[in-house]
Amino acid sequence: MLASLISITTCAYAADRLPTIAPENYNDEQKQAAQDFEANRKVPVFGPFEPLMHSPQVMTLARSMGDYLRYKSAIGNTLSELAILMTAREWTQDYEWYVHQPIALKAGLKKEIVDAIADGRRPGVMSADEEMVYDFCIELQHNKRVSEPTFKRVESRFGKKGTVDLTGIVAYYTLLAMELNVAEYQIPADGKKLERFPQ
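Residues numbered from 1 in each chain as written. Predicted model: local features only at pLDDT ≥ 70, side-chain atom pairs only at ≥ 80, totals over all residues. Heavy atoms only, no water.

J.: Even after reading the chapter, I still don't get the overall build of the chain, so can you show me in this structure?
T.: Helix and strand counts for the chain come out as nine helices and zero strands. Starting at the N terminus and ending at the C terminus, the chain contains elements arranged as α-α-α-α-α-α-α-α-α. Relative to the compact-globule value of 16 Å for 199 residues, the chain shows a C-alpha radius of gyration of 18 Å, a close match. Expressed along its principal axes, the backbone C-alpha trace of the chain runs to roughly 60 × 35 × 30 Å. For the chain, buried positions account for 42% of its 199 residues. Contacts spanning at least 24 positions in sequence make up 64% of the contacts within the chain whose residues lie at least 6 apart. In the chain, which carries 23 positive and 27 negative side-chain charges, the distance between the mean positions of the two groups comes to 4 Å. (Helix = DSSP H or I, 4+ residues; strand = E, 2+ residues; numbered from the N terminus. Rg over C-alpha atoms; globule rule 2.2 N^0.38 Å. Buried < 20%, exposed > 50% of the residue type's maximum accessible area, 1.4 Å probe, protein only. Contact = heavy atoms within 4.5 Å. Lys, Arg positive; Asp, Glu negative; His and termini not counted. Charge placed at Lys NZ, Arg CZ, Asp CG, Glu CD.)

J.: Sorry, what's going on with the packing of helix α8 (residues 128–143) against helix α9 (residues 148–183) here?
T.: A pair of packed helices can be characterised by two numbers: the angle between their axes and the separation between those axes. At their nearest, the axes of α8 and α9 sit 11 Å apart, and the two run at 55 degrees to each other. In this view, α8 runs oblique relative to α9, as classed from their interaxial angle. Here the hand of the crossing between α8 and α9 comes out right-handed. For the pair α8 and α9, contact is made by Ala128, Asp129, Glu131, Met132, Val133, Asp135, Phe136, Cys137, Glu139, Leu140 and Gln141 and by Thr150, Arg153, Val154, Arg157, Phe158, Thr163, Leu166, Thr167 and Val170, respectively. Tallied by class, residues from the contact of α8 with α9 come to ten nonpolar, four polar and six charged. (Axes fitted to C-alpha atoms, helices over the stretch in contact; angles between N-to-C directions. Parallel < 35°, antiparallel > 145°, perpendicular 65-115°, else oblique. Left-handed = near helix turned anticlockwise from the far one by under 90°. Nonpolar A, V, L, I, M, F, W, Y, C, P; charged D, E, K, R; others polar.)

J.: Please explain the packing of helix α4 (residues 56–71) against helix α5 (residues 77–90) as it appears in this structure.
T.: Remark: α4 packs on α5, axes separated minimally by 8 Å, with the N-to-C direction vectors making an angle of 115 degrees. Counting all contacts with α4, which are made through Leu69, Arg70 and Tyr71, the residues of α5 involved are Asn77, Ser80, Glu81 and Ile84. Taken together, the residues of the contact of α4 with α5 break down into three nonpolar, two polar and two charged.

J.: Mind showing me how you'd approach the pattern of salt bridges here?
T.: Close approach of charged atoms lets side chains of opposite charge pair. As enumerated under the stated definition, the model contains 15 salt bridges in all. A salt bridge links Arg122 to Glu131; the shortest N-O distance between them is 3.4 Å. We classify Arg122 as partly exposed; its relative accessible area is 41%. Between Glu131 and Arg153 there is a salt bridge whose closest N-O contact spans 3.8 Å. One end of the pair, Glu131, is in helix α8; the other, Arg153, is in helix α9, and 22 residues separate them in sequence. If you follow the salt bridges from partner to partner, you end up with Arg122, Glu131, Asp135 and Arg153 in one network. (Salt bridge = Lys/Arg side-chain N within 4 Å of Asp/Glu carboxyl O.)

J.: Where do I start with the environment of Thr167 in this structure?
T.: As for its placement among the helices and strands, Thr167 is situated in helix α9. According to the relative accessible area criterion, Thr167 is partly exposed, its value standing at 32%. Not counting chain neighbours up to four residues away, the residues in contact with Thr167 comprise Phe136 and Leu140.

J.: Which parts of the structure should I look at to understand the nonpolar core?
T.: For soluble globular proteins, the rule of thumb is that nonpolar side chains tend to be buried together. In terms of nonpolar packing, the biggest core is built from 42 residues, with Val45, Met53, Met59, Leu82, Trp97, Val133 and Leu166 touching the most fellow members. At the level of secondary structure, the elements contributing two or more residues to this core comprise α2 (28–41), α3 (49–52), α4, α5, α6 (94–107), α7 (111–119), α8 and α9. For Leu166, the residues in contact, after removing those within four places along its chain, are Ile75, Ala83, Val133, Phe136, Cys137 and Val154. (Core = buried A, V, L, I, M, F, W, Y, C linked by side-chain atoms within 4.5 Å.)

Function-wise, these values are silent; they only describe arrangement.
Here you go:
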């Protein structure tokens, strides 16, 4: 029994594409990146930053961008979380969804909106701000562009800075989703995977 369990565990670790590096195995650049991460985030390296530690320079630059976009963007935390969930859903990124779904609810997004995004549906009732962010994200992710009317709505509400920030949030969480998907990073045992839509 023990031998088979060890065998299964070994296979699971062997299948990891970008496995988490134990801190005691960090090289000098990784040690510095981990120290900078903890100094700024007040927690050790976690989640999407674990596979990124294989390239500590990329990890540090990504963390720095996230420090602003995640916490200080010109569109505010609630709408940021809406954009993050839409990006996680677009990429079917389970870990990103697992982390941000409860944060989004706590930030004030209605459960009906969150559930609709998880199902791949347009939410039935949204505020004007939520609707314009939703439309902006959908157009950017699906059409790879944003129409003039949608751009003007966002610019009128949040200014050019907010428009750049919203685009940056989608881009940043797309980067993390890509890295997590490439790494096949797993969610905790209590997590629920997003439905895989037909491709």
